[in-house]
Amino acid sequence: MGYPHKPHPKETVLLSKHFGEVDARTYKGWVKRGGYEVLHQVLTMEPSKVTDVVKESGLRGRGGAGFPTGLKWSFMPKEKKKPHYLCVNADESEPGTFKDREIMRWTPHALLEGTAVAAHAIQAEVAYIYIRGEFTEPYAIMERALTEANAAGVFGKIKIHLHRGAGAYICGEETALMNSIEGKRGNPRIKPPFPAAFGVFGMPTTINNVETLAAVPHILQNGAAWYKRLALSSPKSTGTKLFSVCGHIQKPGNYEVTMGFPLKDLLYELCGGMPPGRTLKACIPGGSSVPILNREESERCLLDYEGVVEQGSMLGSGGVIVFDDSADMVYQIMRLARFYAHESCAQCTQCREGTAWATKILERILAGQGKAADLDLLLDLSENMTGKTICVLSDSCAAPIVSGIKKFGSEFEAYLSGKKHPVLAA
Amino acid sequence: MSVTAHPAPGTEEYQPVFTGKILDQLHEILTRYPAKQAALLPALWLVQQARGWISDRNMTEVAEVLGLTPAYVKGVVTFYTMFHQHPVGKHFVQVCTTSPCNLCGAEAVVRALLDATGAKELGATSPDGKWTVIEVECLGACGFATPVLIDDDFIESVTPEKVPQLVRKYK
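Since the structure is predicted, the reported quantities are computational estimates derived from the model, not experimental observations.

About the thresholds
- All residue numbers refer to position in the chain's written sequence, counted from 1.
- Working convention: letters from A go to chains and numbers from 1 go to ligands, in the order in which they are written.
- The predicted nature of this model means local features are confined to residues of pLDDT at least 70 and side-chain atom pairs, given and counted, to a pLDDT of 80 or more, with totals for whole chains, interfaces and linings taken over all residues.
- Strands here are runs of E lasting at least two residues and helices are runs of H or I lasting at least four, both read from the DSSP assignment and numbered beginning at the N terminus.
- Here, expected helix span is obtained from the residue count minus one, scaled by 1.5 Å.
- Any residue with 12 or fewer other C-beta atoms within 10 Å of its own C-beta is exposed, any with 20 or more is buried, and the rest are partly exposed; the C-beta atoms used are placed from the backbone.
- Each domain's extent was defined by an automatic or database domain assignment.
- Note on residue classes: Ala, Val, Leu, Ile, Met, Phe, Trp, Tyr, Cys and Pro are nonpolar, Asp, Glu, Lys and Arg are charged, and everything else, Gly too, is polar.
- Contact criterion: two residues are in contact if their C-beta atoms, reconstructed from the backbone, are within 7 Å.
- A pair of strands is labelled paired if DSSP reports no fewer than 2 bridges between them.
- Only the stretch in contact is used when fitting a helix axis, every axis being a line fitted to C-alpha atoms; angles between N-to-C directions are given from 0 to 180 degrees.

### Thoughts on helix 6 (residues 108-121) of chain A
All names here are of chain A.
Turning to step 1, where the next piece is worked out: With 14 residues, helix 6 should reach 20 Å at 1.5 Å per residue; the first-to-last C-alpha distance of 20 Å fits that figure.
Turning to step 2, where the next piece is worked out: With 14 of its 14 residues buried, helix 6 lies for the most part within the structure.
Turning to step 3, where the next piece is worked out: Taken from the residues just after helix 6, Gln 123 is the one with a positive phi, measuring 60 degrees.

### What to know about the domain arrangement of chain B
A common way to report how large an interface is uses the accessible area buried once the components associate.
Turning to step 1, where the next piece is worked out: Its domain assignment divides chain B into domain 1 (20-77) and domain 2 (91-169).
Turning to step 2, where the next piece is worked out: The gap between the C-alpha centroids of domain 1 of chain B and domain 2 of chain B is 29 Å.

### Description of the domain arrangement of chain A
Residues and elements named next belong to chain A.
Turning to step 1, where the next piece is worked out: As assigned here, chain A comprises domain 1 (22-228), domain 2 (240-324) and domain 3 (329-416).
Turning to step 2, where the next piece is worked out: In this structure, domain 1 and domain 2 have C-alpha centres spaced 26 Å apart.
Turning to step 3, where the next piece is worked out: Residues belonging to the side of domain 1 that touches domain 2 are distributed by class as follows: two nonpolar, five polar and six charged.

### A short note on the environment of A:Val117
Residues and elements named next belong to chain A.
Turning to step 1, where the next piece is worked out: For Val 117, the location among the structural elements is in helix 6.
Turning to step 2, where the next piece is worked out: In this structure the C-alpha to C-alpha distance between Val 117 and Val 38, which are 79 residues apart in sequence, comes to 8.4 Å.
Turning to step 3, where the next piece is worked out: Apart from residues lying up to four places away in sequence, Val 117 is in contact with Val 38, Leu 39, Val 42, Val 50, Val 216, Pro 217 and Leu 220.

### Description of the sheet that holds strand 4 (residues 205-209) of chain A
Residues and elements named next belong to chain A.
Turning to step 1, where the next piece is worked out: Strands sit in the order 3-2-1-4 across an open sheet of four strands; the sheet is parallel. For this open sheet the edge positions go to strand 3 (159-164) and strand 4, each flanked by a neighbour on one side alone. Pairwise comparison of adjacent strand axes, ignoring direction, gives a mean angle of 20 degrees for this sheet.
Turning to step 2, where the next piece is worked out: Note: strand 1 (residues 85-90) against strand 2 (residues 126-131), six bridges, orientation parallel. Across the sheet, Ala 90 pairs through a bridge with Ile 131, a residue of strand 2.
Turning to step 3, where the next piece is worked out: Across the face of the sheet, helix 8 (residues 174-181) comes into contact with strand 1, strand 2, strand 3 and strand 4 while running at roughly 110 degrees to strand 1.

### Side note on the sheet that holds strand 4 (residues 153-155) of chain B
Residues and elements named next belong to chain B.
Turning to step 1, where the next piece is worked out: The four strands lie next to each other as 2-1-3-4, forming an open sheet whose pairing is mixed. Each having just a single partner strand, strand 2 (131-136) and strand 4 make up the two edges of the open sheet. Between one strand axis and the next, the sheet turns through 20 degrees on average, direction left out of account.
Turning to step 2, where the next piece is worked out: Here helix 6 (residues 106-117) sits on the sheet and contacts strand 1 (91-96) and strand 2; the angle it forms with strand 1, its principal contact strand, is near 160 degrees.

The structure is reproduced here in structure tokens:
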């Protein structure tokens, strides 16, 4: 539901049903709501059968990449020769995204239950939930829930541990996350080897996002066929998705809708539209790492993996950043570039240098010192930052720059020609 | 920069962090991982919670406790932005100014905080030693712009108007 707002009739509340209910945070309160019933059944099932149900449901990763969850689980060795691990990615740091935070704050047991189900499916006896360091409140709530659930003995042989990050966006990249758990700098690893073969501590590992795992118990409870029917457009995108809407919008918050829901309806109906007197200029539909959509594209966009690609962007994490006609796109793109420059792990030259130079050039333009060739320079730089590095952080920095210049070129030109006054000091 | 286990001339003798309860906590943490090194981030958090920041000598102690080298520990400390390598004010304030919050006026919140706390400058500590304010990238609460983290308290929807009262609560 549109927490902190009342649920809208057009929402399909599954994961967010108990947002705002303080009692749902306790073990007793969760059991009263039907919690942990599925886990009891699952722990008696053959692990491969659990994976089959999730595979059949069409569930895809909610962290950003949209990889089929059941398929990912099936990559783990069938015959267990070494310890298997599950890592839960709760390092939610993608600008515009704040859904995993709400899942952990309001329904910590939903995540714990999903984690235990996944651990059983991949035959892992240990699961680490990696929570970003800044999430002090979700961490405390998760810790309390874990203590209560452990006391009730619901996880069988599975051990779940919380691991606190310490301020690094890049640790949300799965291989960086594993390095961080191992007590290393959060540098992403070159793949292959893939985590299912050589993951955390060199053992077979699966990494799943919080929202993905919170959906899993619902699938096992209601069946794959039921979940597959939750699709308004493409049959390849199933289930519900939490969209975090923020920026220039009347009612920011998390909204849960069925895959394929129109972005236009989300913005104008569920979120109450732009602030009074303002109109929509642009929208980033999937967290800051995906290309910017202009107004027309946004209003045509259907929110599922295929629908957003059709409009030239990606569904990503479902973090929807809204820009109204008062937004200075050049300034906002500079802020995003600055974010990536700050968060680059600095392993790869294209990223370390590219994110920093892109930021400097954008700042120069905003300070009225831009050169005529700067836009070409930015595009050239962006090309060298795309598809050339160990992870996609540098690609993510290039995405808003390239789409921004393409769609809002006149705003850049206004600074370059001196029509618009500089907003940064030279 | 030198990393040494011995006290610098003129300073008091080093008091180890990992004794008593904190050492017990570390031992419990070690049972969660198959490798000692994995307890590095948790150990550094324990140090920062106990001392407010992580000095070179703290890093050497952590290295000794976990069987690592001081240089390795320093390499990890410097990677993660939440670990303080210098003392900070009694209250440490982190304000999100990334795009979504920026659109909603985060920069005005920063100015109000610098003013109300007397810290004046980002990263500097106020003359009374009480406040350090920094800008941070995305705090992951974009729908509750502008989020501010004061020590371990996560405060949502801060506006410049709310700042003076908020600051008074911590005085």
